[in-house]
Amino acid sequence: MDEEGRESSSDVVPTTNGLLGVHQDTDEDYEDESLDLELVSEEEPAISSDLEWLEELKEEADGDGDFAVAADYGKKRSYAETARMFKLRRNLDQLDCFHRQKEHDVLKAREGLKQCHQNIESLMEQRENLEREIEREKAADNRVAVFRLRAQHRQMCQKLQSEEELEGHFNIELNQQELELSEVEVDISRFSSLRQEVEEEERDYRILKVQKASMRLQQERKANYKVQLKMQHLKDKQAAMIKKEETNYQRKIAEGRANRKIAVKYLKETIKRMQQQEAEKEQKNRELLEKKIQAVKSLKSNIAATQESLRVQQSRAKANTQKKEQQQRQLRESLQAQGLNSIKYMYQQKQLERIKQQQAQLEERQKLKRVNIVAKILQEEQLRKSKDRNQVLLPKPSNTNKFLTLERAREKLCYYLDSRPSSAVEERTTTLREFSDISSSSTASSDTEDLEETMLQEGDYKSPDDSLVEPEFCGLWEQNYKKPLVRKTTLTQADISQKEPAIPTRKLDGSAKKIHGKELKGPPFISKPDVIVFKDFEVGKVYKKKIILTNMSYKTNHCKFVRVSGQLKDFISINFEPPGCLSVGMSCDLQTVFQPKINEDLEGEVQFVSAEGPFSVPVRCTIKKCDLEVDSQFIDFGSHVVGQTISRTITLTNKGALGTLFSLVTSPSLSPETSDLQMPPKIIANASQETSSQNTVSDNQKSSASIDAVELQPEQKSQEHSAELQHDHRAVSETSAAGPDAYVQENPSDSNEISLGNVREGEIGPFQSIKLEVIFTPTIPGEATLDFHIKFSNSSSKPIPIKVRGFAVSIPVWVVQPNIDMKICMFDFLYQESITVQSRASTALKLTFEVCPEMRKHIEILPKTGFIQAESRFNAQLKFLPRCSLSKDGRKYFDEETGVLEVPMTVHVAGQVQSIGFTVHAVVTSSNLQFDQTEVDFGYCSIYQSVKSTVRLTNLSLLPQDFGFLGIPEFIDVQPNDGFGTLLPHETLEIDLIFSASKAKEYSFRLTCKSGANRDFLLNCRAVGVRPPLELSHSLVQFGATAVGDQSTAILYLINKHTERAQSKQQVTSAFKDAVTPGTPRLFSFTTPEHSEIHISPSAGRLLPGERCLVQVMFRPRLVEQEIREEALRLHYQSKLLHEKELERTRQAEQKSKKDTSVESTKGKKAPVNAKNCKVSDDLKTDKLSESPDPADIQPGSELYEQARASLLYSFTQCYSEYTIPCFISDGDPPEEDRQAQPAWSPFNTLYVKLQCLAVQPPLVVISNNGNNIIDFQQVAVGEKAIKTFTVQNISKESLDLSASLLDIIGTFSLLNALRCIRPGEKHTLILAFSPTQEKKYCETLEVRNKTITLEMTLVGEGVVPAVTLSHPGCLLDFGYVLKNESKSQILKLHNNSRLSVGFKVLLASISPFKPQGGADKVALLLGSYRDSQILSIVGTQNYSGLSVFSVVPIEGSIAPGQSQDITVIFQPDHSSVNYSDTLTIELTNKSKVCVMDLKGAASSHNMYLYGADVLTVPIESLLPPLITCQPQLTGNTEPKVMEKDHMPVLVTLRATYRGGVIVPAMRELHVGCIHSVKKSGEFYWDSVPSLQQQGFSVEPIKGSVEAGEKRTITVTWTPQSGYKPYEVVKTCVPLTLKEHEKHVYRVTLMALVSITEE
């Protein structure tokens, strides 16, 4: 169809409802809705209202973007054209219906007019008759009759008049209907060309449909072939996998058996060794129990002996106590009589006695320690000498370490041998230390490491004299006694030197060692933890810690404990069991026991030696310390009026693990650096004191809980002791401070104005905090200061100085807010603030506000003068209006660079000498906005496009400013927010100026930006508008949200409006005047970005003047290949990490199991070998996994590729993209001389299309078939049905209502199940069937639709006609004769010549469920005329056993392409019969039959058989064996019995023919055979041959032999003798003997006759 035809056909549009307004109710409706069908042309813009449907149709065909338009109209039709065709056909049918209705109306009007004419004629005849009767009656002078007839005449005239009026009405209506009919006919004739066009389109549509069907068939065949190849590949792959799994399974079974044998061997040895150990342990326990029983018995006897001595001692002590109390009572009375304080005196005496006792005990302990130390030193010297002699191979320690060790030993010796002073100060220090230790023992330990702490008491608080009970065995009750470790030995330094062999000495080399080609950096073993730390230890307690040593060398290694540093050997012991050889990565543990005896920090190391050299583990032990700090050391109260009371609080925090006493000292003469703290151990409990515990819960909380029961008794004792000390301290505090034995003198009195709170001294525990209060009560105007220190009883804690300052004001009138902050202000803006003046005076006062002369232009206070009432407030208004001259006027107060303004103001009070001052603070800034350019040049701009230019607007102010562009021309758009917004301080905003030229001319204009300060800022702009020769219908396309995998389509029109007549009337500038040549053809070309998701069709073309071209823009969001490959690599790496973790867990489990089951004696021999093998296998696995695939090797369709694609789809959110597509337009055609040359392309003619694309996550994805949208049924036999499924999943958050497109109802594809609504996360499986009917390829598209996505599934398949041939050519398979109960088989070969596997099925009529029963119905027919009939039953005689006579192997199967299949047919009868028959049918799976073959066979009970005679019995036998058998006759002659038994009747009928007076002899053939199963031949012969010849019969041969498996033919001929009578039957009987190893006689009856007919 040409362009003009399309335009003429598309110029007709429908009405609003899309249908013709056809009514059939009344005639008035036809008058109101008259049709005026006229063609609409450019010269006639008026269109009839009844023909608006044609114009609407044109608009839908031109602007419908939902239909896909094909590029080639002649080959492929679009959905829009198809819809237009059907709509035209429907409307033309309505027009025809409307024409028929008008014809009916015309016929109806004509019939009415005809009836009206008949009525008028009848009325006129009646009127004439009445007139004649009236004349007759007048002549008869009958007046009555005349009057009656005249009345009838008048009525008749009235009826006639009404009928004439009705006739006129009918005439008018008929004319009107005929006019309307003629108009409709004219319109129908006008639309005849449109009708022909519709008919042609319908014919083209039918042809296109046939072409699509053929194309779909080809695609289906191709897809079917691909599916077949894929299935074959899958089968091969599965077979290989099964074979591999079987191999692995066999290998694992063999390995398991070998491992089981080894495990059984080691298990037996382990069980035997465990039994020995249990026996030894039981023997030791028995011996230990006997010792304990003896010790308990002796203990009971000792207890009984000591109880009596205890009673004596108690009574003696009681008497002494009473005596002492009496002496004390007498002393108290004497002191009271003298007027002295008896309580104080007695308490001092008690304290002196107690101190003396403690000093004596201390001296005794020091003497014992000196002796022990000297003994240990001597022992160590001897030990060192012996080690120097024996330890030749050990590494020599450095000289520096040796000197340090000797120096520390010397210092320790001096420390222990030095005599302690026995002064009261030392005693107080000891008391405080004991008190701090006791108080800190009640708090939780702050050690966060995993320590096992065992509390061992060092001594009782009671003196040795108080205890009178002594143990029987020395050392039984000692608290230092340690229980022996079970199955472990505590290694001391002496044990090591005696038991361990000499270790070769190796120097510590700092360079890296090479082991197996790898460098070993660092020690061969590493410890966890790296440093053994005992933090905050206490003397007298025992600490334990577990250390793990790990072999980090590159080979099997062992380690051995050497020694502990000299400075730690008295306090640390190591429990270490040598583990033997350790593999790489294996570890062993040891236990470190720390028993501190001195309260000071210790450092050292634990030394080991290994095959690679020595190494050591550092040890660090720290005592409890105080860490004190305050939150602030300076307190500023500020200015306050005299009489107020203000308080501040500081917090004193102890972050250490040691508590201490503190005291606040305000003496100015006491120096915090040099003075020592001397204070009584006094604790003041204050209710206002707030303490917050900051103890941290360590990891060994659970382990420490287990020893709470053990520590309960020591803790109770310590609490009792601390309570006793506190009671003593309170008693000391109650005594007079002026006494000579007072510990601390009274602190000097605090300042009157600044004082401390109630808490001035006390105790702060570990990890606690205390709040201290400072109070400021000003009484005198002026500044008040106070310096005090916080001092502590701990000598290592330095005093903390605190400084306090406050200012007192006593003015009766003051400004409440002395500093008025105006914050940030702009020039030329008014700001106001209120000034509040407070008075405490008892009378009214006059106030005068004074502003400095420099600032009077900018600051004003109203009122300037006022009166403030007594004890009230006065408010004044401050007005601040900064002007631009502020920098000149107030240079003294204003900083121009920073904009800071500080103006001092004064308030004069009448009667007050001192004036009140206050300060006004402000930051003054500018209100300017600045553009980065003064002029914007847009350049050349098409009138169909827009040009964007960006300017930067900067806010120079310190305040946010609102701005807006006002008075914008129509051709300018300012973004963002239409040119309105807010700029933050010093913020720069990019503003887009979008220029859209409306005419081709030069533009020069100015934009005005108004700020929130009502200031205008101008921006000059200029541009040049041009008109391209072509025009786009839309320059902006906004695609809706399109799911990945879906597509959205938009339709544009490219129009060439220039014609030959319409020359250039636009204003063209000189820059491009020569390039514009209107009225010429134009070439256009759309350029899309490479690898983009945009497709434009057509992308290039040529437009003549006045033409327009439809352009289809499609947006197809897809996943980027690079992103898919990167995701595939990420998934591969993730799976590799998971696999490595699994291997690591498996390796650790194996190592643990090997370690548990290994034997100590064989551990050093077999463990390294197993570890090495395990390491090698793990390394091989790791190397295999470390091979990452190359991204280029990940091909689409692979499993990893599809997994990555599905992962990206599930995680896809949305992606917004914009494209600007240029459309280049030429200045004209190429030159006529060279058409191949490129035409001139002008940049001014370029058009642009902006595409806004939003890609979202698809709510519906295919999760089966690796996410592939192509369902390939591959090759399917014609007539068969193949079923495939694919599964979709809803991955959105909303439920989806699914629907599917309609498949071809006569096609080969069908959807078997219905679609339903699926909820989020649910899956739905669609079942598709493919049933080809012809040998061709099929292809069809199934669309699974939803509101947001259309999922296209391509269905392909190929129909193939299976070509299967049979090797047997005929339709009969004869097995011949077989001995009964024996079998015979024949092979049929099926060959598949087609390209797909074909299934077959072999059916036997005898075992078919639809077994024919025709034989039973034909018994009468067979009995009546079986001589002349050859009709046999389809299913013959069956076996008596019920088994089928004929059997087939295999019954069914499948034949691969190009392969053959052997079908074996077996004949196995169980009784003698010649009526064995059956029908064999070979049928394919598509119900087509390869062959229908008759099976025939006979069974005999003898080796020799005879056949070829007439049938004497019915061919249908009973399945029951015969009940009546031939019985021999009871006669004396035995030979006739045998003959009667062996004679078998045979009938042979001979028919001679009589032709032309000549008789043609009759001839029959009999066949004698010998079954192949016998090994020797048989023979036959006729008896009584001469008698046969007399009747005219002749037999040839008379006798003969038959080989096994062969047959012989016997010919019987009958020639009538002379004298033969017509229709006479000649009959004779002759025996035929068959002899092999048995003799069988057949009684052959020969019957002959002559037949006159030719038959």
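Everything numeric in this text was worked out from a predicted model, so none of it was measured. (Residues numbered from 1 in each chain as written. Predicted model: local features only at pLDDT ≥ 70, side-chain atom pairs only at ≥ 80, totals over all residues. Heavy atoms only, no water.)

### Some points on the overall build of the protein chain
And then number 1: Scanning the protein chain for helices and strands turns up 20 helices and 76 strands.
And then number 2: Relative to its 1655 residues, the protein chain shows a buried fraction of 35%.
And then number 3: Looking at the protein chain as shown, the accessible area adds up to about 99,700 Å², and 51% of this sits on carbon and sulfur atoms. (Helix = DSSP H or I, 4+ residues; strand = E, 2+ residues; numbered from the N terminus. Buried < 20%, exposed > 50% of the residue type's maximum accessible area, 1.4 Å probe, protein only. Areas by Shrake-Rupley, 256 points an atom, 1.4 Å probe, with all protein chains shown as cover.)

### Quick notes on the sheet that holds strand β48 (residues 1260-1262)
And then number 1: The strand order β48-β50-β55-β53 describes an open sheet built from 4 strands, whose pairing is antiparallel. Every interior strand has two partners, whereas the edge strands, β48 and β53 (1309-1311), have only one. The mean inter-strand angle of the sheet, taken between neighbouring strand axes irrespective of direction, is 30°.
And then number 2: By the bridge criterion, 3 bridges tie β53 to strand β55 (residues 1323-1330) in an arrangement that is antiparallel. (Pairing = 2+ DSSP bridges. Axes fitted to C-alpha atoms, helices over the stretch in contact; angles between N-to-C directions.)

### Examining the pattern of salt bridges
And then number 1: Per the counting criterion, the structure on display carries 35 salt bridges.
And then number 2: As a salt-bridge pair, D636 and R805 come within 3.2 Å of each other at their nearest N and O atoms. Linking D636 in strand β13 (residues 634-641) with R805 in strand β20 (residues 800-809), this pair joins segments that are 169 residues apart in sequence.
And then number 3: Of the residues examined, D636 reaches a relative accessible area of 39% and is grouped as partly exposed.
And then number 4: Close ionic contact of R1022 with D937 constitutes a salt bridge, the shortest N to O distance being 3.3 Å. (Salt bridge = Lys/Arg side-chain N within 4 Å of Asp/Glu carboxyl O.)

### Describing the side chain of S839
And then number 1: Turning to its location among the elements, S839 is positioned in strand β23 (residues 831-839).
And then number 2: Reaching out from S839, the side chain makes a polar contact with the backbone nitrogen of A841 at a distance of 3.2 Å.
And then number 3: Leave out the neighbours within four places in its chain, and S839 touches P812, V813, W814, I868, Q869, E871 and S872. (Polar contact = N/O pair within 3.5 Å; in protein donor to acceptor, adjacent residues only side chain to side chain. Contact = heavy atoms within 4.5 Å.)

### Focus on the sheet that holds strand β72 (residues 1593-1596)
Neighbouring strands of a sheet are bound in pairs by backbone hydrogen bonds; such pairs are parallel or else antiparallel.
And then number 1: Taken in spatial order, the 4 strands of this open sheet run β67-β70-β74-β72, and their pairing is antiparallel. Strands with a single pairing partner mark the edges of an open sheet, and in this sheet they are β67 (1504-1507) and β72. Neighbouring strand axes in the sheet, compared pairwise and without regard to direction, differ in orientation by 20° on average.
And then number 2: Two elements, β67 and strand β70 (residues 1562-1570), share 4 bridges in a ladder whose sense is antiparallel. Looking at β70, one finds that M1504 is bridged to C1570.

### Brief notes about the packing of aromatic side chains
And then number 1: A complete count under the given rule lists 32 aromatic pairs for this structure.
And then number 2: Consider the rings of F971 and F995, whose centres lie 5.7 Å apart with planes at 80°: the pair is edge-to-face. Residue F971 is located in the loop between β33 (961-966) and β34 (972-975), and its partner F995 is located in strand β36 (residues 988-995); the two are separated by 24 residues in the primary sequence.
And then number 3: Taken together, the aromatic side chains of F525, F561, F576, F608 and F615 make up a single cluster linked through ring pairs.
And then number 4: Between the NZ or CZ atom of R1108 and the centre of the ring of Y1053, over which it lies, the distance is 4.5 Å. (Phe/Tyr/Trp six-rings, centres within 6.5 Å; stacked < 30°, edge-to-face > 60°. Lys NZ or Arg CZ within 6 Å of the ring centre and 35° of its normal.)

### Here we look at the nonpolar core
And then number 1: If you look at the biggest cluster of nonpolar residues, it comprises 38 residues, and the most contacted ones within it are F1039, L1054, F1084, F1086, I1094, V1113 and L1251.
And then number 2: With 5 residues, the top contributor of residues to this core is strand β47 (residues 1247-1256).
And then number 3: For I1094, the residues in contact, after removing those within four places along its chain, are T1088, V1113, M1114, F1115, Y1219, L1251 and C1253.
And then number 4: V815, M822, Y893 and F894 belong to the second-largest nonpolar core, a separate cluster that totals 35 residues. (Core = buried A, V, L, I, M, F, W, Y, C linked by side-chain atoms within 4.5 Å.)

### Let's talk about helix α6 (residues 192-338)
And then number 1: Its 147 residues place the ends of α6 only 154 Å apart at the C-alpha level, less than the 219 Å of an ideal helix rising 1.5 Å per residue.
And then number 2: Among the residues trailing α6, G339 stands out with phi positive, at a value near 90°. (Expected span 1.5 Å × (residues − 1).)

### Section: the environment of S1594
And then number 1: In this structure, S1594 sits in strand β72.
And then number 2: A relative accessible area of 36% places S1594 in the partly exposed class.
And then number 3: Between the C-alpha atom of S1594 and that of T1611, which follows or precedes it by 17 residues, the distance is 8.2 Å.
And then number 4: When neighbours within four sequence positions are excluded, S1594 is seen to be in contact with T1611, V1612 and T1613.

### With respect to a negative patch on the surface
And then number 1: Negative charge collects at one region of the surface, where E121, E125, E128, E131 and E135 lie side by side.
And then number 2: Topologically, E125 is positioned in helix α4 (residues 79-140).
And then number 3: Judged by its relative accessible area of 51%, E125 falls in the exposed class. (Patch = residues over 30% accessible without salt bridge, like charges linked within 9 Å, V, L, I, M, F, W, Y side chains within 5 Å. Lys, Arg positive; Asp, Glu negative; His and termini not counted. Charge placed at Lys NZ, Arg CZ, Asp CG, Glu CD.)

### Some words on the environment of T982
And then number 1: When you line up the elements, T982 lands in strand β35 (residues 980-983).
And then number 2: Residues T982 and G964, 18 residues apart in the sequence, show an inter-C-alpha distance of 8.8 Å.
And then number 3: Those residues in contact with T982, other than ones at most four positions away along the chain, are P960, Q961, D962, F963 and E987.
And then number 4: At a separation of 2.7 Å, a polar atom in the side chain of T982 contacts the side chain of D962.

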